[in-house]
Amino acid sequence: MLFSLPELLLANLVRRCKAKLGDNGQFLPNGQSAKSGLNKSLQDAATINSLMF
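Residues numbered from 1 in each chain as written. Predicted model: local features only at pLDDT ≥ 70, side-chain atom pairs only at ≥ 80, totals over all residues. Heavy atoms only, no water.

Draft legend 1. Region of interest: the overall build of the chain. Per the secondary structure count, the chain includes two helices and two strands. Written out in order from the N terminus, the α and β elements of the chain read α-β-β-α. Counting all 53 residues of the chain, 8% fall into the buried class. Summed over all atoms, the accessible surface of the chain reaches about 5100 Å², with 62% contributed by carbon and sulfur. (Helix = DSSP H or I, 4+ residues; strand = E, 2+ residues; numbered from the N terminus. Buried < 20%, exposed > 50% of the residue type's maximum accessible area, 1.4 Å probe, protein only. Areas by Shrake-Rupley, 256 points an atom, 1.4 Å probe, with all protein chains shown as cover.)

Draft legend 2. Up close: the confidence of the model for the chain. Overall, the predicted model of the chain reaches an average pLDDT of 78, with 75% of residues at or above 70. Of all helices and strands in the chain, the one with the weakest mean pLDDT is helix 1 (residues 10-13) (75), whereas strand 1 (residues 20-21) scores best (90). (pLDDT = per-residue confidence, 0-100.)

Draft legend 3. View of the side chain of Asn39. For Asn39, the location among the structural elements is in helix 2 (residues 32-52). The class for Asn39 is buried, based on a relative accessible area of 9%. Among all residues touching Asn39, those that are not within four sequence positions of it are Leu13, Val14 and Arg15. (Contact = heavy atoms within 4.5 Å.)

What follows is the structure in structure tokens.
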């Protein structure tokens, strides 16, 4: 059985979300705080994998 893993660049995965502006000029929630937590876990996992192999 063969498995193929796509080559994903970590730099592309950990980009920040673009800001969303509402009609009145205020910023709208865009989920950046959730993405920030995901970015930290991705970078931690990449660091651990690079140390193990």
